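# An overview of the molecular structure
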Amino acid sequence: MSKYDITEMSVIGWMCIPSDARRTATGHFRVLRDSLHTDPHLHILAAGQRDMTHWLEIIAAIPRVTVGAAYRHNATYEQLYPALVDELIDWHTADDSPASIVFDGNGTETLRASRRQLPHGRSRVAEQPGLIVPPERDFLQAADLIAFSAFHSMVKRESHRFMHDWYPRLLPKAEGPFPL
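These numbers were taken from a predicted model, which means no experiment stands behind them. (Residues numbered from 1 in each chain as written. Predicted model: local features only at pLDDT ≥ 70, side-chain atom pairs only at ≥ 80, totals over all residues. Heavy atoms only, no water.)

So, about the overall build of the protein chain. Secondary structure assignment for the protein chain yields six helices and six strands. Shown N-terminal to C-terminal, the secondary structure of the protein chain runs as helices and strands in the order β-β-α-α-β-α-β-α-β-α-α-β. Burial analysis of the protein chain (180 residues in total) assigns 42% to the buried set. Partitioning the intrachain contacts of the protein chain with sequence separation of at least 6 by distance along the chain shows that 75% fall at a separation of at least 24. Carbon and sulfur atoms make up 52% of the accessible area of the protein chain, which totals about 9200 Å². (Helix = DSSP H or I, 4+ residues; strand = E, 2+ residues; numbered from the N terminus. Buried < 20%, exposed > 50% of the residue type's maximum accessible area, 1.4 Å probe, protein only. Contact = heavy atoms within 4.5 Å. Areas by Shrake-Rupley, 256 points an atom, 1.4 Å probe, with all protein chains shown as cover.)

Turning to helix 2 (residues 49-61), a few remarks are in order. When the terminal C-alpha atoms of helix 2 are compared, their 19 Å separation across 13 residues agrees well with the 18 Å that a helix rising 1.5 Å per residue should span. Every buried residue of helix 2 is accounted for by Asp51, Met52, Thr53, Trp55, Leu56, Ile58 and Ile59. (Expected span 1.5 Å × (residues − 1).)

This part covers the pattern of salt bridges. Oppositely charged side chains can form a pair if their charged atoms are brought close together. In the structure shown here, the tally under the stated rule is three salt bridges. Measuring nitrogen to oxygen at the nearest pair gives 2.9 Å for the salt bridge that ties Arg64 to Asp20. Of the two residues, Arg64 is situated in the loop between helix 2 and strand 3 (66-73) and Asp20 in the loop between strand 2 (9-16) and helix 1 (22-35); the sequence distance between them amounts to 44 residues. By relative accessible area, which is 57% here, Asp20 ends up exposed. (Salt bridge = Lys/Arg side-chain N within 4 Å of Asp/Glu carboxyl O.)

On to the side chain of His164. Counting through the fold element by element, His164 comes out in the loop between helix 5 (138-155) and helix 6 (166-170). A polar contact is formed between the side chain of His164 and the backbone oxygen of Arg157, at a distance of 2.9 Å. Once residues lying within four places of it in the same chain are set aside, the contact partners of His164 are His152, Ser153, Lys156 and Arg157. (Polar contact = N/O pair within 3.5 Å; in protein donor to acceptor, adjacent residues only side chain to side chain.)

This paragraph deals with the confidence of the model for the protein chain. Low-pLDDT portions of the prediction should not be read for the details of their coordinates. Here the protein chain averages 76 in pLDDT, while 70% of its residues score no lower than 70. Taken element by element, the predicted model of the protein chain shows its lowest mean pLDDT in strand 1 (residues 2-6) (52) and its highest in helix 6 (95). (pLDDT = per-residue confidence, 0-100.)

Counted according to the given criterion, the structure contains four aromatic pairs. Plain terms: the ring middles of Trp14 and Phe178 are 5.9 Å apart, the flat faces sit at 70° to each other, and that makes the pair edge-to-face. With Trp14 in strand 2 and Phe178 in strand 6 (residues 175-179), this residue pair connects regions lying 164 residues apart in the sequence. Take Trp14: its relative accessible area is 6%, and that puts it in the buried class. (Phe/Tyr/Trp six-rings, centres within 6.5 Å; stacked < 30°, edge-to-face > 60°.)

By size, the foremost hydrophobic cluster in this structure holds 30 residues, and its most contacted members are Val11, Met15, Phe29, Ile59, Val67 and Leu171. Broken down by secondary-structure element, the contributors of at least two residues to this core are strand 2, helix 1, helix 2, strand 3, helix 5 and helix 6. Top element by residues in this core is helix 5. It accounts for eight residues. Apart from the residues within four sequence positions on either side, Leu171 is in contact with Leu56, Ile59, Ala60, Val67, Ile146, Ser149 and Trp166. (Core = buried A, V, L, I, M, F, W, Y, C linked by side-chain atoms within 4.5 Å.)

We now examine the packing of helix 2 against helix 5. Contact geometry of helix 2 with helix 5 gives a least axis separation of 10 Å together with a crossing angle of 110°. Judged by the angle between their axes, helix 2 and helix 5 are roughly perpendicular. Two secondary-structure elements touch here, helix 2 through Met52, Trp55, Leu56 and Ile59 and helix 5 through Asp138, Gln141, Ala142, Leu145, Ile146, Phe148 and Ser149. Looking at side-chain class alone, the contact of helix 2 with helix 5 contains eight nonpolar, two polar and one charged residues. (Axes fitted to C-alpha atoms, helices over the stretch in contact; angles between N-to-C directions. Parallel < 35°, antiparallel > 145°, perpendicular 65-115°, else oblique. Nonpolar A, V, L, I, M, F, W, Y, C, P; charged D, E, K, R; others polar.)

So, on to the environment of Pro98. Counting through the fold element by element, Pro98 comes out in the loop between helix 3 (77-94) and strand 4 (102-104). For the pair Pro98 and Ser19, spaced 79 residues apart in sequence, the C-alpha to C-alpha distance is 9.6 Å.

Let us now look at unusual backbone geometry. That bond from Gly176 to Pro177 is cis: its omega, 5°, falls within 30 degrees of zero. Here Pro177 shows up in strand 6. Positive phi is not limited to glycine here, since Arg64 has a value of about 70°. Phi angles above zero are rare outside glycine, and Asn74 is one such case at about 50°.

Written out as structure tokens, the structure reads:
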């Protein structure tokens, strides 16, 4: 999970990677890293337009990986996050599938405190989200770009006109962006 948080709207993007598809997804990102036109250690959002569209195409091509985005107008990321976690809990409880949440950050976020407390055994989602500081993880960088492209598909700022269609065009199977 990753966020794109601007005063008028917060967006969270995600990738859902089944545990038995993780190796395949990692291989796709390794190919991508080898082909980037920028320093492979840079955060993906520091890459050029061509690299970002290539990254989205790679994400869309990974078998069995689903992506999506959720948003909330006039809300912070901390206000949007618990609503999305509640949705994830419902999805994974309904199909009895396990899940864990990993988000980017430096550990100062208030997300752990904002998550609703569940009765023991109610949820198949790991109780505490994991923290990993980007740019160390390709999956989190991908979630950054998913959130970034979803944001620009909705806000449609003139300065980012070239990105207005990236989310629907380059991620045609993506869920949302949907309001929470």
